[in-house]
Amino acid sequence: MNMKITNIYMISFSPTGGTRTVVTAIAENLSRGLDLPYKEIPFTSKESRENPVYFSENDLVIIGCPVYAGRLPNKIMPDFKRCLVGGQAVAVPVVVFGNRSYGGALTELRLILQQQGFRTLGAAAVVSRHAFSDLVAAGRPDEEDRREIHEFTDRLMEKLADPEGCPVLTLPDNTEVEPYYVPLQEDGTRANFLKAKPQTDFTKCDHCGICAKACPMGSIDEMMQAAGICIKCQACVRKCPNGAKFFTDEQFLSHVRMLEQNYTRRAENVFLY
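In this text the structure is predicted, and so the values were computed from the model without any measurement. Once a new chain begins, its residue numbering starts again from 1 and follows that chain's sequence as written. Reporting of local features is limited, given that this is a predicted model, to residues whose pLDDT is at least 70; pairs of side-chain atoms are given and counted only at 80 or more, and all residues count toward the totals for whole chains, interfaces and linings. Heavy atoms throughout the structure, all of them, feed into the side-chain values; hydrogens and water do not.

Peer 1: What is the right way to read empty space enclosed by the protein from this model?
Peer 2: Remark: the empty space left among the atoms is shown by a probe the size of a water molecule rolled over them. The way it works is a 1 Å grid over only the protein atoms, where trapped points that fit a 1.4 Å probe form a cavity and open points with protein on both sides within 12 Å along at least five of seven lines form a pocket, and then any residue with an atom within 4 Å of a point lines it. Grid points are joined across faces, edges and corners, and a volume is the space filled by probe spheres set on the points. As enumerated under the stated definition, the model contains two cavities of 30 Å³ or more in all. Its boundaries defined by the atoms lining it, the largest cavity holds a volume of some 120 Å³. Along the wall of the largest cavity there are 16 residues; nearest its centre are Pro198, Cys215, Cys230, Cys233 and Cys236. Estimates place the volume of the second largest cavity at around 80 Å³.

Take a look at the structure:
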């Protein structure tokens, strides 16, 4: 395996910033270890996912995505397949989950990157605060998470230093991916909030446009309302400076309460190398 790395890139789909924080930590550690600067390639906005990005065998690329219902976001997955062209670049796929489970997301991302011509050096599933609630995985990634991330990147550096003994993490092409998680309400029944969209309190909204810019689907119109596809990422809710964006769908809110009641224990990170 050619391990002559000359470029480091980081890519993250990160509507609320948690995934970008984790991917940045990995990129910074590898940058210091290899004494190479890293470059961030935008991937969160709709515009940034319009054109393919090409890599080569001397590139090291850390690629991150949040977990939605145990998988990659189904509206974003096609963009990973369409936009990232590996060219035998070395990849570190990373999924970031909100304390419940990363499900099949890491397997899914690894398979996509393999199919796109990347060689996987290592992979990770890391906990971050849940996009839906400040109570689920509050404060994460924390100091312990950062220590584990540092140990992970140290192991990756050891692999890079020994190209002869550095196996690629390859999955069989027919590897099955776990199905999507079915969200539940407080009473254990299925929560169906596919059509839920954020509402706007126009007594607080000053039409600044921050929510429209933050929406990764480009779905917020000139009236600051979600007119298009909503993937429930919470970017508009989290980034509105006036607290004018919120959800009212009762099944969605019941699901959030279920998460707060059942998933406050400390979930563990997973690192593969």
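Peer 1: How do you make sense of unusual backbone geometry when you look at a structure like this?
Peer 2: Residues other than glycine predominantly adopt negative phi, and peptide bonds predominantly adopt the trans conformation. For the bond from Arg140 to Pro141, the omega torsion is 5 degrees, close enough to zero to count as cis. Strands here are runs of E lasting at least two residues and helices are runs of H or I lasting at least four, both read from the DSSP assignment and numbered beginning at the N terminus. As for its position among the elements, Pro141 is in the loop between β8 (123-127) and α4 (143-161). Within the chain, Gln88 stands out as a residue other than glycine whose phi angle is a positive 70 degrees. A positive phi is found at Ala137, a non-glycine position, where the angle reads about 60 degrees.

Peer 1: I'm lost on the packing of aromatic side chains in this one. Help?
Peer 2: The relative placement of two aromatic rings is captured by the distance of their centres and the angle of their planes. Any two of the Phe, Tyr and Trp rings considered here, Trp counted by its six-membered ring, make a pair once their centres fall within 6.5 Å; the pair's planes then place it as stacked at under 30 degrees, edge-to-face at over 60, or tilted in between. Taken as a whole and judged by the stated rule, the model has nine aromatic pairs. Between Tyr9 and Phe55, the ring centres sit 5.5 Å apart and the planes meet at 65 degrees, which makes this aromatic pair edge-to-face. With Tyr9 in strand β1 (residues 7-12) and Phe55 in the loop between β3 (53-54) and β4 (59-66), the pair connects residues that are 46 residues apart, well separated along the chain. In this pair, the class of Tyr9 matches that of Phe55, namely buried. Three labels apply to residues, based on accessible area from a 1.4 Å probe with only protein chains included: buried if under 20% of the type maximum, exposed if over 50%, partly exposed otherwise in between.

Peer 1: Help me understand the environment of Cys211, please; the structure alone is not making it clear to me.
Peer 2: Inspection of the secondary structure puts Cys211 in helix α5 (residues 210-214). Here Cys211 falls in the buried class, since its relative accessible area comes to 8%. Distance in space between the C-alpha atoms of Cys211 and Leu156 is 38 Å, their sequence separation being 55 residues. For Cys211, the residues in contact, after removing those within four places along its chain, are Ile220, Met224, Cys236 and Lys245. In this description, contact between two residues means that some pair of their heavy atoms is separated by no more than 4.5 Å.

Peer 1: Teacher, can you tell me more about the nonpolar core here?
Peer 2: One broad trend across soluble globular proteins is that nonpolar side chains are buried collectively. We call a set of buried Ala, Val, Leu, Ile, Met, Phe, Trp, Tyr and Cys residues a nonpolar core when their side-chain atoms join them within 4.5 Å. With 45 residues, the main nonpolar core has Phe55, Val61, Leu72, Phe80, Leu84, Val95 and Phe118 as its most contacted residues. Of all the elements in the fold, those that place two or more residues in this core are β1, β4, α2 (77-83), β6 (90-97), α3 (105-115), β8, α5 and α6 (235-239). Those residues in contact with Val61 that sit more than four places away from it in its chain are Tyr9, Ile11, Phe55, Ala89, Val90, Ala91, Val92 and Phe118. Formed by 24 residues, the second largest nonpolar core is a distinct cluster that contains Ile8, Leu30, Val90 and Leu121.

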